[in-house]
Amino acid sequence: LPMPDPTQTVKLILASRSPRRALLLSEAGYRFTQANPPYEDPPHPEANGPATPHELARQLAYQKAMSLRDHVEPGSVILAADTLCVGHDGRLLGTPTTARQARDIIEHFIQQTHTVITGVALLNDAMTEPMTFADEAQVTLGQLNKVQLDEYLASDMWRGKAGGYNLFERQQAGWPLTVTGDPTTVVGLPMKELVPRLRELGVHPSRSS
């Protein structure tokens, strides 16, 4: 990779609508803009063929980054990501689109450990293709009672979330969720893996943050 010019400010573009990904970047001190990638990832990625979950997460992030490359100003770094869940039985689980699907997924997680995989793609002008990587974490959900689950599903807070939940939000609400690995991977951006890669591309947290 060409060495970034330290005197030049590199603009970071988050190719995601996710407020959770935006919050992770903001809390780490990054300045960025959000853009919706033209590529719409399928809500049920399990239909996408024989790729492993890690390959699929990277592939979906790759497609998002590539779809945005002609829509951003030169000198930008595009950051795209995709998060998938794998149940304790190996079943690949995407983002629920109905309350019934959300219930089925969350009930599948109760008193079990599932895996959350986030694939990331980074792309700048000097690259012909995005740099991609994936990180995984294991999440264990204890017992939820019917009232807790019913109230959550009625709230519609499951919408737009891989596996139907947001880790930090549900932990604050008292759900018995524990994580092995990087919690930010579960939320949607594996920050421990991401920060050094952004640094390589000349993207640094703001000094004023």
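Data block above holds the structure.
To start, this report covers the structure provided alongside it. (Residues numbered from 1 in each chain as written. Predicted model: local features only at pLDDT ≥ 70, side-chain atom pairs only at ≥ 80, totals over all residues. Heavy atoms only, no water.)

### Considering helix 4 (residues 146–155)
Within helix 4 the residues assigned to the buried category are Leu-149, Tyr-152 and Leu-153. Buried residues of helix 4, viewed axially, fall in a sector of 95 degrees; they line one side. Exposed and facing more than 90 degrees away from the buried side of helix 4 are Val-147, Glu-151 and Ala-154. Buried residues belonging to helix 4 abut helix 3 (99–109) and helix 5 (167–172). You can read the cap of helix 4 off the contacts: a side-chain oxygen lies 3.1 Å from the backbone nitrogen of Val-147, and it is on Asn-145. The positive-phi residue at the C-terminal boundary of helix 4 is Asp-156, with phi of around 65 degrees. (Buried < 20%, exposed > 50% of the residue type's maximum accessible area, 1.4 Å probe, protein only. Helix = DSSP H or I, 4+ residues; strand = E, 2+ residues; numbered from the N terminus. Arc of directions from axis to C-beta. Contact = heavy atoms within 4.5 Å. Polar contact = N/O pair within 3.5 Å; in protein donor to acceptor, adjacent residues only side chain to side chain.)

### Topic: the packing of helix 3 against helix 4
For the pair helix 3 and helix 4, interaxial distance at closest approach is 10 Å and the crossing angle is 145 degrees. For the pair helix 3 and helix 4, the crossing hand works out as right-handed. Facing helix 3, whose interface residues are Ala-99, Ala-102, Arg-103, Ile-106 and Glu-107, helix 4 presents Leu-149, Asp-150, Tyr-152 and Leu-153. Grouping the constituent residues of the contact of helix 3 with helix 4 by class yields six nonpolar, no polar and three charged. (Axes fitted to C-alpha atoms, helices over the stretch in contact; angles between N-to-C directions. Left-handed = near helix turned anticlockwise from the far one by under 90°. Nonpolar A, V, L, I, M, F, W, Y, C, P; charged D, E, K, R; others polar.)

### Re the packing of aromatic side chains
As enumerated under the stated definition, the model contains two aromatic pairs in all. Between the aromatic rings of Phe-109 and Tyr-165, the centroid separation amounts to 6.1 Å while the plane-to-plane angle is 80 degrees, which identifies the pairing as edge-to-face. Of the two residues, Phe-109 sits in helix 3 while Tyr-165 sits in the loop between helix 4 and helix 5, which places them 56 residues apart along the sequence. Judged by its relative accessible area of 7%, Tyr-165 falls in the buried class. Ring plane angle 70 degrees and centroid distance 4.9 Å describe the contact between Tyr-152 and Trp-175, whose orientation is recorded as edge-to-face. Here Trp-175 lies in the loop between helix 5 and strand 7 (177–180) and Tyr-152 lies in helix 4, a separation of 23 residues in the sequence. (Phe/Tyr/Trp six-rings, centres within 6.5 Å; stacked < 30°, edge-to-face > 60°.)

### A short note on the side chain of Thr-115
Summarising the element assignment, Thr-115 is placed in strand 5 (residues 112–123). Among the residues examined, Thr-115 registers a relative accessible area of 17% and is labelled buried.

### Re the pairing of strand 3 (residues 76–86)
Counted residue by residue, strand 3 has 11 buried out of 11 residues, so it is predominantly covered. Of the two faces of strand 3, the one lined by Ser-76, Ile-78, Ala-80, Asp-82, Leu-84 and Val-86 and the one lined by Val-77, Leu-79, Ala-81, Thr-83 and Cys-85 are each fully buried. Relative to strand 3, strand 1 (residues 11–14) is paired through four bridges, and the arrangement is parallel. Bridged to Leu-12 within strand 3 is Val-77. For strand 3 and strand 5, the ladder comprises nine bridges, and the chain directions are antiparallel. In the sheet register, Val-86 faces strand 5, and the bridge partner there is Thr-115. Here strand 3 folds back onto strand 4 (residues 92–93) in antiparallel fashion, the turn holding five residues, of which Gly-90 has a positive phi close to 90 degrees. (Pairing = 2+ DSSP bridges.)

### Some remarks on the environment of Arg-21
Here Arg-21 lies in helix 1 (residues 19–27). In this structure the C-alpha to C-alpha distance between Arg-21 and Gly-188, which are 167 residues apart in sequence, comes to 5.8 Å. Among residues more than four places away in sequence, those in contact with Arg-21 are Leu-14, Ser-16, Ala-81, Asp-82, Thr-83, Gly-188 and Leu-189.

### A word on the pattern of salt bridges
For the structure on display, the rule yields 11 salt bridges. Of the charged contacts in the structure, one is a salt bridge between Asp-156 and Arg-159, with a shortest N-O distance of 3.4 Å. The partly exposed category is assigned to Arg-159, whose relative accessible area is 46%. Between Glu-169 and Arg-170 there is a salt bridge whose closest N-O contact spans 3.8 Å. Residue Glu-169 is classed as partly exposed on the basis of its relative accessible area of 22%. Within the structure, one salt-bridge network assembled from shared partners comprises Arg-103, Glu-107, Lys-146 and Asp-150. (Salt bridge = Lys/Arg side-chain N within 4 Å of Asp/Glu carboxyl O.)

### Observations concerning unusual backbone geometry
Unlike most non-glycine residues, Gln-111 shows phi in positive territory, near 55 degrees. Residue placement: Gln-111 occurs in the loop between helix 3 and strand 5. The exposure class assigned to Gln-111 is exposed, which follows from its relative accessible area of 53%. The backbone phi angle of Asp-156 is positive, close to 65 degrees, even though this residue is not glycine. Tracing the sequence through the fold places Asp-156 in the loop between helix 4 and helix 5. Accessibility expressed as a relative area gives 36% for Asp-156, which makes it partly exposed.

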